[in-house]
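Architecture and fold: a report
Read off the chains here:
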Amino acid sequence: MAWSPPILNCLWGVTFPLSFLWALAAKLRRRFPPPSYASAVSTICVGNIHAGGSGKTPLTRAIAQHFSDRSPAILSRGYRGRAGAHGERVKLSHESGAAYYGDEPWMLALSLNAPVYVDRNRVRAIKKMEEQNPPSLVILDDGFQHLKLRKTLSLVLISTRKDPGEAYCLPWGELREPLEAMRAATAVVFVRDPEESTEFLNRWKRVANELAPDVPHFVVSRHYGEITSGKPHLRAPVSLVGFCGLADPSGFRASLESKDLKAFRAFPDHFTYSQKDLKMLDQMRRQTEAEALVTTEKDWYKVQGLAELDCPIYYLPMDYVIPSEFWDFLENGISDR
């Protein structure tokens, strides 16, 4: 059976047919796209087909770091942030940055030496950059379905934790558009965990070869670093209570299982934490006699300064192991402009 939220399972007679209507609308939108704007600035779009997390933001950061000599700019829609409605550059001095700009652009701005912009209207944002101080490269965090802006390179990320046999469009499944939309990509990037079985990966490769045989694909692997608090003088804790607000928390939780994980709490994707939430988590830590709370880097930036606890909050950094062929592909694509 395809993935579906429990409440929708009760309404499958409605949601299942609606997924076909959604797929049809998405196909027509691709076939008859709106007028689009072609910028003179090179753009790399890091997008996906599945709703929810697939690892776009960490890859966006990796690409920005790789092309740091080009002084790239990052453009995000600022999901759940207020600034995205009118468009704005992320200012690190903002007192509620994650809530105002969105948690992902806030993390990117704090962890990169590069300007980060949020704007739901990507064309408007690109035009503003062109009028002011245009960068030589713009990296779009999300935007594969934003057809009003032509991209130099469009990457579609697919998490190989997902079963290709359960690939249905919303609202029954998780797809924003049918899998054949991969044909519109410049490349497909499969994102996998290092200890993950290759079963789904191999099945995804067969799907990609069948539906988009002319589109190259690459495989990148998640790599988890050492737990840190951002303060070198503090030693890493031994026993943990983990928490996160991710669309798919399974990978993060699995990365903590090799440690002494006493308890784990998953919050909804892009969750906005309160002092009450952190006090509840600290109570879990005390009850389980764990040393510390551990979360993702994105969530860690969101909770800094929110509440003073007896113990610091740590995070588990994650990046990618990326093949050199991928970088060659991007560099050739950009240099062709």
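Use the structure listed above.
Right, let's walk through the structure included here. (Residues numbered from 1 in each chain as written. Predicted model: local features only at pLDDT ≥ 70, side-chain atom pairs only at ≥ 80, totals over all residues. Heavy atoms only, no water.)

1. Regarding helix α8 (residues 250-257)
Within α8, burial applies to Gly 251, Phe 252, Ser 255 and Leu 256. Across the axial projection of α8, the buried residues extend over an arc of 140°, all falling on one side. (Buried < 20%, exposed > 50% of the residue type's maximum accessible area, 1.4 Å probe, protein only. Helix = DSSP H or I, 4+ residues; strand = E, 2+ residues; numbered from the N terminus. Arc of directions from axis to C-beta.)

2. Section: the environment of Ser 274
Its location among the elements puts Ser 274 in the loop between β10 (260-267) and α9 (275-288). What makes Ser 274 partly exposed here is its relative accessible area of 29%. Between the C-alpha atoms of Ser 274 and Tyr 314, which are 40 residues apart in sequence, the distance is 17 Å.

3. Looking at the environment of Lys 279
Relative to the helices and strands, Lys 279 resides in helix α9. The class of Lys 279 is exposed, set by a relative accessible area of 53%. With 30 residues separating them in the primary sequence, Lys 279 and Leu 309 have C-alpha atoms 7.7 Å apart.

4. Some details on the sheet that holds strand β11 (residues 292-296)
Reading across from one edge, β10-β9-β11-β12 is the order of the four strands in this open sheet, with parallel pairing throughout. The sheet terminates laterally at β10 and β12 (313-316), the two strands that pair on one side only. Taken over all neighbouring pairs, the strand axes of this sheet differ in orientation by 30° on average, direction set aside. As defined by bridge partners, strand β9 (residues 239-245) adjoins β10 across seven bridges and the pair is classed as parallel. Within β10, the residue paired with Gly 245 across the bridge is Phe 267. Contacts from α8 reach β9, β10, β11 and β12, with the element oriented near 170° to β10. Its contacts with the sheet place α9 against β9, β10, β11 and β12, and it is angled at close to 155° to β10. (Pairing = 2+ DSSP bridges. Axes fitted to C-alpha atoms, helices over the stretch in contact; angles between N-to-C directions. Contact = heavy atoms within 4.5 Å.)

5. Structural notes on the side chain of Thr 296
Residue position: Thr 296 is located in strand β11. Thr 296 gets classed as buried once you look at its relative accessible area, which sits at 9%. Polar contacts involving the side chain of Thr 296 include one to the side chain of Asp 299, which spans 2.7 Å. (Polar contact = N/O pair within 3.5 Å; in protein donor to acceptor, adjacent residues only side chain to side chain.)

6. Overview of the nonpolar core
Leu 59, Ile 63, Leu 155 and Phe 326 are the most contacted members of the largest nonpolar core, which has 54 residues in total. Dropping the residues within four chain positions of it, Leu 155 is found in contact with Ile 44, Cys 45, Val 46, Gly 47, Ile 63, Ala 187, Val 189, Phe 326 and Leu 330. Leu 75, Met 129, Cys 169 and Leu 201 belong to the second-largest nonpolar core, a separate cluster that totals 30 residues. (Core = buried A, V, L, I, M, F, W, Y, C linked by side-chain atoms within 4.5 Å.)

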